[in-house]
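Chain residues, written in single-letter form:
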Amino acid sequence: MAKNNKNDTGRSAASYYKLKTDAVDRLVDAKDAPEVSDAEIKKYTSKKKLRIPMWLKIVFVKFWFAGAVCYFFLWGLGMYLQGLDLMVVLAVGLGVVTDILVNRALRHFEAEPGSNDKWMMVTTRKFWSVFLNVLYAGVLLYCVFRTYYAINVLIGVNANADPTQEQSMLGVEPILFGLFYLGFDMLFIIIKRTLKSIFRDAAAKASGNVIKK
């Protein structure tokens, strides 16, 4: 009787493992299985941890690097350079940092390639993209310092005061500079995305196709 039980157990185990291997073979040989994105795979394979929203990471990176450039370039070189020379150095520093560090960090955070391009003004990865970022940084700097100028005029400071100097009631410091720079950056990026959407919809209507949103 014990011998029969042993044989039955062996046959049951063999059948069980054969069933499992058959199921694995069917999964391996499946040809019509739906494709799964990398983001979906990460959702189930990554360990549970504190998840920071993507927009918050991007906003913080942009703000932090802008403030850091203000600290090292404007505060560090302010005693040696003045006026237009200082603005040119700041524009070059911000453009290079954006091209080499900020955009690279944004691409590192991407769940899928290109998903964070919508947060960048210059999305190309060519060697000349640094020149575009320097020009763009110059535009942002102009807007930032015009904002300092307008605020100082409103609060009664001499309209001819240089906002980079200590004589201004609202002086330039990294935190507020980073916030102003971030604000104008996001404003121009939103305008760019809106214009692209308008032109894309117009082109689709002209060709007889309607883009579903």
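Rules used throughout
Residues numbered from 1 in each chain as written. Predicted model: local features only at pLDDT ≥ 70, side-chain atom pairs only at ≥ 80, totals over all residues. Heavy atoms only, no water. Helix = DSSP H or I, 4+ residues; strand = E, 2+ residues; numbered from the N terminus. Contact = heavy atoms within 4.5 Å. Areas by Shrake-Rupley, 256 points an atom, 1.4 Å probe, with all protein chains shown as cover. Patch = residues over 30% accessible without salt bridge, like charges linked within 9 Å, V, L, I, M, F, W, Y side chains within 5 Å. Salt bridge = Lys/Arg side-chain N within 4 Å of Asp/Glu carboxyl O. Buried < 20%, exposed > 50% of the residue type's maximum accessible area, 1.4 Å probe, protein only. Phe/Tyr/Trp six-rings, centres within 6.5 Å; stacked < 30°, edge-to-face > 60°. Lys NZ or Arg CZ within 6 Å of the ring centre and 35° of its normal.

Novice: Any details on the overall build of the chain? Residues and values, ideally.
Specialist: The helix and strand inventory of the chain stands at six helices and zero strands. Shown N-terminal to C-terminal, the secondary structure of the chain runs as helices and strands in the order α-α-α-α-α-α. Here the contacts in the chain between residues at least 6 apart in sequence split such that 67% fall between residues at least 24 apart. Roughly 15200 Å² of accessible area belongs to the chain as shown, and the carbon and sulfur atoms make up 65% of that amount.

Novice: Tell me about a nonpolar patch on the surface, and name the residues and values.
Specialist: A cluster of nonpolar residues, F127, W128, F131, L132 and L135, forms a patch on the protein surface that exposes about 600 Å² of accessible area. Assignment of secondary structure puts F127 in the loop between α4 (83–108) and α5 (129–154). Assessed through its relative accessible area of 71%, F127 is described here as exposed.

Novice: Describe the packing of aromatic side chains, with residues and values.
Specialist: Considering all chains together, one arrives at eight aromatic pairs under this definition. Ring geometry for W64 and F65: centres 5.2 Å apart, planes at 90°, overall edge-to-face. For W64, a relative accessible area of 46% puts it in the partly exposed group. With 6.2 Å between their ring centres and 50° between their planes, F145 and F177 make a pair best called tilted. Note that F145 is positioned in helix α5 and F177 in helix α6 (residues 174–206), a separation of 32 residues in sequence. Assessed through its relative accessible area of 9%, F145 is described here as buried. A relative accessible area of 0% means that F177 is categorised as buried. Through successive ring pairs, a cluster of aromatic residues spans F145, Y148, F177, F180 and Y181. Geometry around Y149 places R146 over its ring, the cationic atom sitting 4.6 Å from the centre. Over the aromatic face of W119 sits the side chain of R193, whose NZ or CZ is 5.9 Å from the ring centroid.

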